[in-house]
Amino acid sequence: MAMATPPNKATVVEINLICAQELPSYKSSSSSIRTYVVAWISPQQKLTSRVDKAGDKNPTWNDKFIISIDKDLVFERPNSTLVLEIYCKRRYRKDRLIGKVNILLDSLMDKNQFWGSEDICDKVMAFHVRDSSGMPQGILNIGVMNLDGLLDRGMPSFLGNSSLAIDYRRLMGGN
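Anyway, here's the lowdown on the structure attached to this text. Only a predicted model underlies this, so the values are computations on that prediction, with no experimental measurement involved.

Looking now at the overall build of the chain. If you tally the helices and strands in the chain, you get four helices and nine strands. Taken across its 175 residues, the chain has 42% of its residues classed as buried. For the chain, the share of sequence-separated contacts (at least 6 apart) that also reach a separation of at least 24 residues comes to 68%. Split by element, the accessible area of the chain, about 9900 Å² in all, is 51% carbon and sulfur.

Okay, structure coming up:
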């Protein structure tokens, strides 16, 4: 049985890093932790969220990233992932990795939309944050919206190649 070939174009997705819950604290109980997220599909194009200075073990970022996902990549390599690493900001030493989440690119989009439907799909997803040993270390909440139905057909090529990754602060000219 022959496998169907997906359309040869990129899908543009907005990822909203909402918040995390019950992250571990490696500091003494009197000091709070300051956290940020590094997101990437390709290690050469990493995006970094703002540092949450007040949330402690329950940070809120509400940072948005726009990523372009090559449909051929997902079709040919179905185990491709979006990696979200949560770090604890430290003043005088290298920032500490608290944990990470690996999200299958295929799961970021509704199947009907992924294969060419024009409907807008948005959803909120929650994932276990796992430490280097694979043990759960809290929950990461994200929002996902497929922007293909919102954008003009030419927009993904305007944004660049299929490995595009950009954050809203850079897009809007902020820091």
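Counting buried positions over the eight residues of strand β5 (residues 81–88) gives seven, a clear majority of the element. Strand direction decides the pairing type here: β5 and strand β6 (residues 96–104), joined by eight bridges, are antiparallel. Looking at β6, one finds that isoleucine 86 is bridged to glycine 99.

Turning our eyes to something else, we now look at the packing of aromatic side chains. In this structure the tally under the stated criterion is one aromatic pair. With 5.5 Å between their ring centres and 15° between their planes, tyrosine 36 and tyrosine 87 make a pair best called stacked. Separated by 51 residues along the polypeptide, tyrosine 36 in strand β2 (residues 35–40) and tyrosine 87 in strand β5 bring together distant segments of the chain. There is no split in this pair, since tyrosine 36 and tyrosine 87 are both buried.

Our focus in this paragraph is the nonpolar core. For soluble globular proteins, nonpolar side chains are generally found buried alongside one another. Membership of the largest hydrophobic core comes to 29 residues, with the highest contact counts inside it found for Leu84, Ile86, Leu108, Leu140 and Ile142. Listing elements by their share of this core, those giving two or more residues are β1 (10–21), β2, β4 (60–70), β5, β6, β7 (121–130) and β8 (136–146). Among the nonpolar cores identified, the runner-up in size contains five residues, and Tyr36, Val38, Val83 and Tyr87 belong to it.

With respect to burial, β1 is a largely interior element, ten of its twelve residues being buried. Alignment of β1 against β4, held across nine bridges, turns out to be antiparallel. Pairing of leucine 17 across the sheet is with aspartate 63, part of β4. For β1 and β8, the ladder comprises eight bridges, and the chain directions are antiparallel. Note that in β8 the partner of glutamine 21 across the bridge is isoleucine 139.

Let us look at the pattern of salt bridges. Applying the stated criterion across every chain yields a total of two salt bridges. Salt-bridge contacts for lysine 89 lead to aspartate 95; the nearest nitrogen and oxygen are separated by 3.9 Å. Overall, lysine 89 belongs to the partly exposed group, its relative accessible area being 30%. Look at aspartate 95 and you get buried, because its relative accessible area is 17%.

Turning our eyes to something else, we now look at unusual backbone geometry. Among all residues save glycine, negative phi is the norm, and among peptide bonds the norm is trans. One non-glycine residue with positive phi stands out, namely aspartate 56, at about 55°. Mapped onto the elements, aspartate 56 comes out in the loop between β3 (47–48) and β4. Assessed through its relative accessible area of 24%, aspartate 56 is described here as partly exposed. Residues other than glycine seldom take positive phi values, yet asparagine 62 does so here, at roughly 50°.

Procedures and definitions
Residues numbered from 1 in each chain as written. Predicted model: local features only at pLDDT ≥ 70, side-chain atom pairs only at ≥ 80, totals over all residues. Heavy atoms only, no water. Helix = DSSP H or I, 4+ residues; strand = E, 2+ residues; numbered from the N terminus. Buried < 20%, exposed > 50% of the residue type's maximum accessible area, 1.4 Å probe, protein only. Contact = heavy atoms within 4.5 Å. Areas by Shrake-Rupley, 256 points an atom, 1.4 Å probe, with all protein chains shown as cover. Pairing = 2+ DSSP bridges. Phe/Tyr/Trp six-rings, centres within 6.5 Å; stacked < 30°, edge-to-face > 60°. Core = buried A, V, L, I, M, F, W, Y, C linked by side-chain atoms within 4.5 Å. Salt bridge = Lys/Arg side-chain N within 4 Å of Asp/Glu carboxyl O.

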